[in-house]
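Summary of structural features
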Amino acid sequence: MELTPIVAGNWKMHKTPKDGHSFVEKTTNLLLEINHVSVIFAPPFTGLFDIDVQPPFYLAAQNCHWEEQGAYTGEISVAMIRDCSAEYVILGHSERRHVFGETDNWINRKVIAVLAGGLKPILCIGETLDQREAGETDLVLKNQLEQGLAEVESLQNIVIAYEPVWAIGTGVTATINQVESAHESVRGILKEIFPDSNDIHVLYGGSVKPANAEELIQVPGVNGFLIGGASLDVESFTSITRTVETVQKRNL
């Protein structure tokens, strides 16, 4: 079965609730013709509450805590996210791993909590430049997937986002061969862990722009994008989404 591509925009720590509401309204109005792509907006927690979208548009949180409630100052639970009508949660982003020190064990607990709460995790994985240059890319991806998905019984409702850390926000994009090789590796690892699972969305994230979107979306194994910087601009984000829609319609 052909998977519907996903174009997800991770706003990170950008846009006030008012800015985000305006951005989503403008973007959805410009993409009224979209029906072959799922579009996900991931605003900061403060922006989730006042945004109302309908398929093919969805909301995602950028993180969560694994506990249902408790004395965790500054944290947000899955139930809180669900009550804001979000359907996805981004987990394990490289900034959470490398800036905030999140471990694979923490990320795994979050994945399990998100699934138990009826939402869909977007699990981010990827290697640093040092790891790639040391020839450790496959090993890093294998460890992150095995540990991040520990005790998970099925890939159903899970999205994987491959983001080479060295290509996030740097302006450097992995070559087509590098992207294809990494996605092939990810799928091979997932098949080892979940031999009976059906196909799964594996997104690419790493300096995706309107100029390279068409080439990247046609890479075998790439089912869409997790976009950072280009998701903050209406023109850039809508351009990328239209490109994915055009390629998908051409392939049907």
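Look above for the structure.
One structure accompanies this document, and this report is about it. (Residues numbered from 1 in each chain as written. Predicted model: local features only at pLDDT ≥ 70, side-chain atom pairs only at ≥ 80, totals over all residues. Heavy atoms only, no water.)

1. Overview of helix H8 (residues 176-193)
An α-helix turns once per 3.6 residues; consequently, residues spaced three or four apart project the same way. When the terminal C-alpha atoms of H8 are compared, their 26 Å separation across 18 residues agrees well with the 26 Å that a helix rising 1.5 Å per residue should span. Among the residues of H8, Val179, Ala182, His183, Ser185, Val186, Ile189 and Leu190 are the ones counted as buried. Viewed end-on, H8 has its buried residues packed into an arc of 160°, placing them on one side of the element. Within H8, the exposed residues directed more than 90 degrees away from the buried face are Asn177, Glu184 and Glu192. (Helix = DSSP H or I, 4+ residues; strand = E, 2+ residues; numbered from the N terminus. Expected span 1.5 Å × (residues − 1). Buried < 20%, exposed > 50% of the residue type's maximum accessible area, 1.4 Å probe, protein only. Arc of directions from axis to C-beta.)

2. Side note on helix H5 (residues 104-116)
An ideal rise of 1.5 Å per residue puts 18 Å on 13 residues; H5 measures up with 18 Å between its terminal C-alpha atoms. For H5, the set of buried residues is Asp104, Ile107, Asn108, Lys110, Val111, Ala113 and Val114. Of the surrounding secondary structure, the elements contacted by the buried residues of H5 are helix H3 (78-83), strand S4 (88-91), helix H4 (94-98), strand S5 (120-125) and helix H7 (137-148). Glycine 118 lies just past H5 and shows a positive phi near 85°. (Contact = heavy atoms within 4.5 Å.)

3. Focus on unusual backbone geometry
Cis peptide bonds are those with omega within 30 degrees of zero, and the linkage from proline 55 to proline 56 qualifies with 15°. Tracing the sequence through the fold places proline 56 in the loop between helix H2 (45-48) and strand S3 (57-61). With phi around 75°, lysine 15 is a residue other than glycine that occupies positive phi space. For lysine 15, the location among the structural elements is in the loop between strand S1 (6-10) and helix H1 (17-30). You will see that glutamate 151, though not glycine, has its phi angle at about 70°, which is positive. A residue is classified by how much of its surface remains accessible, and glutamate 151, at 76% relative accessible area, is exposed.

4. Comments concerning the packing of aromatic side chains
What the rule picks out here adds up to nine aromatic pairs. On the numbers, 5.3 Å between centres and 80° between planes, the contact of tryptophan 11 with phenylalanine 23 is edge-to-face. In this pair, tryptophan 11 sits in the loop between S1 and H1 while phenylalanine 23 sits in helix H1, placing the two residues twelve residues apart along the sequence. Among the residues examined, phenylalanine 23 registers a relative accessible area of 4% and is labelled buried. Residues phenylalanine 41 and phenylalanine 57 carry aromatic rings whose centres are separated by 6.2 Å and whose planes lie at 20° to one another, so their mutual orientation is stacked. (Phe/Tyr/Trp six-rings, centres within 6.5 Å; stacked < 30°, edge-to-face > 60°.)

5. Quick word on the side chain of glutamine 62
Tracing the chain through its elements places glutamine 62 in the loop between S3 and H3. Of the polar contacts made by the side chain of glutamine 62, one reaches the backbone oxygen of lysine 12; its length is 3.0 Å. Side-chain polar atoms of glutamine 62 contact the backbone oxygen of alanine 42, separated by 3.0 Å. Leave out the neighbours within four places in its chain, and glutamine 62 touches Asn10, Trp11, Lys12, Ala42, Pro43, Pro44, Phe45 and Ile90. (Polar contact = N/O pair within 3.5 Å; in protein donor to acceptor, adjacent residues only side chain to side chain.)

6. Topic: the state of the cysteines
With the rule as written, the count across this model stands at zero disulfides. Distance from the sulfur of cysteine 64, which forms no disulfide, to the nearest cysteine sulfur (cysteine 124) is 12 Å. (Disulfide = S-S within 2.5 Å.)

7. Some points on the packing of helix H9 (residues 210-217) against helix H10 (residues 234-251)
The relative placement of two packed helices is expressed as an angle between their axes plus a distance between the axes. The contact between H9 and H10 brings their axes to 9 Å, and the two run at 25°. Taken as axis vectors, H9 and H10 run roughly parallel relative to one another. Seen from above, H9 lies across H10 with right-handed handedness. Packed against H9, whose contacting residues are Pro210, Ala213, Glu214 and Ile217, the element H10 presents Ser236, Ser239, Ile240, Thr243, Val244, Val247 and Arg250 at the interface. Looking at the contact of H9 with H10 residue by residue, the class counts come to six nonpolar, three polar and two charged. (Axes fitted to C-alpha atoms, helices over the stretch in contact; angles between N-to-C directions. Parallel < 35°, antiparallel > 145°, perpendicular 65-115°, else oblique. Left-handed = near helix turned anticlockwise from the far one by under 90°. Nonpolar A, V, L, I, M, F, W, Y, C, P; charged D, E, K, R; others polar.)

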